[in-house]
Structures are given as C-alpha cells and as structure tokens.
Amino acid sequence: MQANTMPASDSGIACAAELMRAGGLVAFPTETVYGLGANATSDSAVAAIFEAKGRPHFNPLIVHVRDVKAAKAHVAFVPLAEELAREYWPGPLTLVLPRNADSKLSLLVSAGLDTVAVRSPAHPVARKLLLAAEVPIAAPSANRSGRVSATTAAHVVSDFGCRVDLVLDGGATELGLESTVIGFEKERAVLLRPGAVPRASIERVAGPLISPAASQVSSPGQLRSHYAPRTPLRLWAGTVEADEGLLAFGPRELAGAQMTCNLSPTGDLRQAAANLFAMLRQLDSACLRQIAVMPIPETGLGEAINDRLRRAAAPQGSE
Ligand code: TXA
Ligand code: MG
C-alpha cells in the first residue's frame, strides 16, 4: 500500500495540521531534508515517531517551533544562543538548550537528557504547518533510522509506505543537508553536528567552536554508522572499477564506472550538498558491488558532506 501523499497546498497543509493535532505522523518538507513530524507535546505521537523510524530511544528529537518566543516556552536561552538565533532563525540551525521545568513537551523528545533541541525552520510549508497545527512539532529526518536521509516526498514514501499518515509533497528540499546542531557549555558553543550552516559562519558569531569530544555536552545521535546505503561505500577513490558505481565531484570524473552520479560537475559544494542523499539513494538502488566516492574538499559545506559520507561508509551497526 502507498502512503497518503498530498501536495503541500493550503488544503494539504490544513489536513496535515488536523492530523497532527489528532496525534498522527506527518512527513513534511523543510529547507534541509524532509521531517517525520508529530505533536511534540503528545507522548503517544512522539512514541510513534520512534517506532516508525526504528530509532533507538536514547536518541533525542529536534522540536520545531515558529520563533524564539515559541521556543522560550520550552527552553532557557543562554545569551550566545539568542545571538545565534537572531542571525540564523528561521533557518538550518538547531540549538540544544536546558529544558524549562514547566515545558509541556513530551519527555520522550529529550530521551532522558535535561535539554531540548529546538529549531525554527525557514521552509514556507514547515512554517505554515507550525502556524496551522498550533503545536510544537517533533521531527527527525524522515528516513528509517541509520539510513540515507530523504530530500523528496518519494524518498519518504519508499522508506515508510503507509506507516505515516500523510506525506506533504513540497518538491525537492533546497539545501539537502540537515541543520547544524549547536550545544552550549559555559557560554561557549559546541558543534554537535556539522550541517547546512558552515562552521565559519557560526564562528563569526560564536567564536571558535568546541568539539563534542572536548565537551561534557552529550550528542547521542552521532553514531559512527549513519546515513548509510545498503551498498558498501569506499571514500577518497582515485580510481574506479567496472562493477562499481561512482559518486563523482567536480569536472574531472574518474572513467570506467558502471554508473556515475556527479554531485556537482562544476565543483560547487552547495550543489553537492543538495544532491548528496538523492544520489546515494539512486546509486544504492542500482545493484552495484560498491560505491566509490571521489574526494570532496573539507572546506565550508564540505565538512558536513564529508561527515555524512564517513558515517555512510562506516561498518553498519557500529556506534
Ligand atoms: O535539518 C534537520 O535538522 C532535520 C529537519 C527535519 O529539521 N532534522 C534532523 O533530525 O536531522 P534528526 O533526528 O535526524 O537529527 C537530530 C540530531 C541527532 O543527532 C540528535 O541526537 C541531536 O540532533 N539531538 C536532538 N536533541 C538533542 C539533545 N537534547 N541533545 C543533544 N543532541 C540532540
Ligand atoms: Mg537523521
């Protein structure tokens, strides 16, 4: 059976909002990737997200809100978080902040931590949905746990079928990489997950970022194997075999692959980010022995792209 997909028109969004208020699961586009959303104040709705994704219960969820004011009903902003929100919200930045004692959010979103990750998405469909649903929306990326993220409605349908109540189709997502996740320790920012806002942009506001390894802030979602296709991945390829697929980057594609997808023939990291998950899914569906990945520079968005690729290539089941 197919999932119930609707265009992200005003009537589609109204229907999604209704379903969400009733405790349903709704996949919707954000500017980064599709989210698998549910009412963040409902234990049973949040539990349904974990179940549909097959997500380990120790891995907390991002709560999507309209703006800083809405976030403040649930978390306490440190001054640096205010500055970052002023600069990057609405947008692809998630802030991990101490949970307010009187927050109505389900405790499940925090997975046992005393913090909540909050984000105000910029995508017009996500914003209209938040307005119409009138509840904060818990939403992880709309992929099965550990697998490749979804950047189109078709990806969501292929992962979940009728296990979601509705997929709002708003076309391909613009950025293609998840939000940057920032935690705070003694007034300094910790980079919990590189993402669509590059490190250098955050550092302009927050100063040098602390790495999670050097900090007390927990980042339970950073499993070594993640974003993984079923086909094995080989990084930093300098040659390619005839029974391999090639994930190329830049104008000088390696020759001889069984199938090639080029993340960006012009070597543009924004374009590469937008294409990454769709191309991994495309190569994964082609019955190849292995996927070889050409080197991608570690600069700008390259840090987040390489983070995803390293985890996609890690032995599966590794943490
Ligand atoms: O762009 C995005 O962030 C997308 C869209 C849908 O908003 N969402 C997303 O969610 O990527 P998810 O669940 O796939 O990744 C959320 C990340 C995980 O690594 C999780 O462990 C971390 O955020 N996270 C959530 N709450 C946290 C918390 N309280 N403390 C530390 N990390 C947290
Ligand atoms: Mg995810």
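Refer to the preceding data block for the structure.
Here we take up the sheet that holds strand β11 (residues 233-234). Pairing is parallel across the open sheet formed by four strands, whose spatial order is β11-β14-β12-β13. Strands at the two margins of the open sheet, each flanked by one partner only, are β11 and β13 (259-262). The pairing of β11 with strand β14 (residues 290-293) spans two bridges and is classified as parallel. From the neighbouring strand, arginine 234 faces β14, where its bridge partner is alanine 292. Against the sheet, helix α8 (residues 269-284) touches β11, β12 (244-248), β13 and β14, its axis set at about 175° to β13.

Moving on to the site of ligand 1. Neighbouring ligand 1 are 25 residues, the closest being Thr32, Asn59, His64, Ser141 and Ser179. Arginine 55 is positioned with one of its side-chain polar atoms (N or O) 2.9 Å from an oxygen atom of ligand 1. At a separation of 3.0 Å, a nitrogen atom of ligand 1 approaches a polar side-chain atom of threonine 115. Calculation on ligand 1 without its partners gives an accessible area of 690 Å², and the protein chains cover 97% of this total. With three residues, the single largest contributor to the shell around ligand 1 is strand β6 (residues 115-119). A per-class count over the shell around ligand 1 returns eleven nonpolar, ten polar and four charged.

Moving on: the pairing of β12. Each regular strand displays side chains that alternate between the two surfaces of the sheet. With five of five residues buried, β12 lies mostly within the body of the structure. Side chains Glu244, Leu246 and Ala248 project from β12 onto one buried face, and the interleaved Gly245 and Leu247 project onto a second face that is buried too. Pairing geometry for β12 and β14, over four bridges, is parallel. By the bridge assignment for β14, leucine 247 is matched with valine 293. Bridge count for β12 against β13 is four bridges, and the pairing is parallel. Counted as the bridge partner of alanine 248 is asparagine 262 from β13.

Bringing the pattern of salt bridges into the picture now. Applying the stated criterion across every chain yields a total of 15 salt bridges. Between aspartate 159 and arginine 281 there is a salt bridge, with the nearest N and O atoms lying 3.1 Å from each other. Here aspartate 159 is found in helix α6 (residues 153-160), whereas its partner arginine 281 is found in helix α8, with 122 residues between them in sequence. Here aspartate 159 and arginine 281 have matching classes, each one buried. A salt bridge links arginine 289 to aspartate 243; the shortest N-O distance between them is 2.7 Å. With arginine 289 in the loop between α8 and β14 and aspartate 243 in the loop between β11 and β12, the pair connects residues that are 46 residues apart, well separated along the chain. Classification of aspartate 243 as partly exposed rests on a relative accessible area of 32%. Look at the salt bridges and you will find they share partners, linking Glu178, Asp307, Arg308 and Arg311 into a network.

Reading guide: rules and limits
- Residues numbered from 1 in each chain as written.
- Chains lettered and ligands numbered in written order.
- Predicted model: local features only at pLDDT ≥ 70, side-chain atom pairs only at ≥ 80, totals over all residues.
- Heavy atoms only, no water.
- Pairing = 2+ DSSP bridges.
- Helix = DSSP H or I, 4+ residues; strand = E, 2+ residues; numbered from the N terminus.
- Contact = heavy atoms within 4.5 Å.
- Axes fitted to C-alpha atoms, helices over the stretch in contact; angles between N-to-C directions.
- Near = heavy atom within 4 Å.
- Polar contact = N/O pair within 3.5 Å; in protein donor to acceptor, adjacent residues only side chain to side chain.
- Areas by Shrake-Rupley, 256 points an atom, 1.4 Å probe, with all protein chains shown as cover.
- Nonpolar A, V, L, I, M, F, W, Y, C, P; charged D, E, K, R; others polar.
- Buried < 20%, exposed > 50% of the residue type's maximum accessible area, 1.4 Å probe, protein only.
- Salt bridge = Lys/Arg side-chain N within 4 Å of Asp/Glu carboxyl O.

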